[in-house]
Amino acid sequence: MVDYLRKLEHKHPHHRLVVLIPEVQPARRWQWILHNQRGAVLDRAIRRGTQNVVICRLRFRLTTWDDTGSEATHS
């Protein structure tokens with residue numbers, strides 16, 4: 001990914017590149033163990049290896065649904 005972004009930077013030196021990194025944000029703290037931290041690792045690698053790239057990490061919250069199809073609330 002970083003090599004690809006470097007090539008784009010070299011090819012288009014006056015353009016700013018934007019990278020969107022989707023991430024899962026679990027509803028419960030214990031669920032963080034189940035989801036890797038690939039977004040953070042990719043973010044650091046891109047920042048170290050490129051000059052003109054904007055990174056946006058998009059977090060998607062996980063929720064649970066009950067049998068009726070509506071969002072369940074937990075306390």
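Keep in mind the model is a prediction, meaning the values are calculated, not measured.

Q: Looking at this model, I keep getting lost on the overall build of the chain. Mind explaining?
A: Scanning the chain for helices and strands turns up two helices and two strands. Reading the secondary structure of the chain in the N-to-C direction produces α-β-α-β. Long-range pairs, those at least 24 residues apart, make up 64% of the contacts in the chain with a sequence separation of at least 6. If you sum the accessible surface of the chain, you get close to 6400 Å²; carbon and sulfur atoms cover 54% of it.

Q: For this particular structure, what's the right way to read the nonpolar core?
A: Across soluble globular proteins, you tend to see nonpolar side chains buried next to one another. Core analysis: the largest hydrophobic core is formed by eight residues, namely Val2, Leu5, Leu17, Val19, Ile21, Ile46, Val53 and Ile55. Taken together, the elements giving at least two residues each to this core come down to α1 (2-11), β1 (17-25) and β2 (53-61). If one sorts the elements of this core by residue count, β1 sits on top with three residues. Setting aside anything within four residues of it in sequence, one finds Leu17 in contact with Leu5, Leu8, Glu9, Asn52, Val53 and Val54.

Q: Any chance you could explain a nonpolar patch on the surface here in plain terms?
A: Judged by side-chain polarity, Val18, Leu20, Val54, Leu58 and Phe60 come together as a nonpolar surface patch covering roughly 440 Å² of accessible area. Going through the elements one at a time, β1 and β2 are the ones with two or more residues in the nonpolar patch. The dominant element in the nonpolar patch, judged by the number of residues it contributes, is β2, at three residues. Note on placement: Val18 falls in strand β1. Accessibility expressed as a relative area gives 58% for Val18, which makes it exposed.

Q: Just to check I follow, could you spell out α1 for this structure?
A: Turning to α1, its buried residues number three or more, namely Val2, Leu5 and Glu9. All buried residues of α1 lie within an arc of 60° about the axis, which places them on one face of the element. Turned more than 90 degrees from where α1 packs its buried face, Asp3, Tyr4, Lys7, His10 and Lys11 sit exposed. Among the structural elements, β1, α2 (38-49) and β2 are those in contact with the buried residues of α1.

Cut-off values and rules
Residues numbered from 1 in each chain as written. Predicted model: local features only at pLDDT ≥ 70, side-chain atom pairs only at ≥ 80, totals over all residues. Heavy atoms only, no water. Helix = DSSP H or I, 4+ residues; strand = E, 2+ residues; numbered from the N terminus. Contact = heavy atoms within 4.5 Å. Areas by Shrake-Rupley, 256 points an atom, 1.4 Å probe, with all protein chains shown as cover. Core = buried A, V, L, I, M, F, W, Y, C linked by side-chain atoms within 4.5 Å. Buried < 20%, exposed > 50% of the residue type's maximum accessible area, 1.4 Å probe, protein only. Patch = residues over 30% accessible without salt bridge, like charges linked within 9 Å, V, L, I, M, F, W, Y side chains within 5 Å. Salt bridge = Lys/Arg side-chain N within 4 Å of Asp/Glu carboxyl O. Arc of directions from axis to C-beta.

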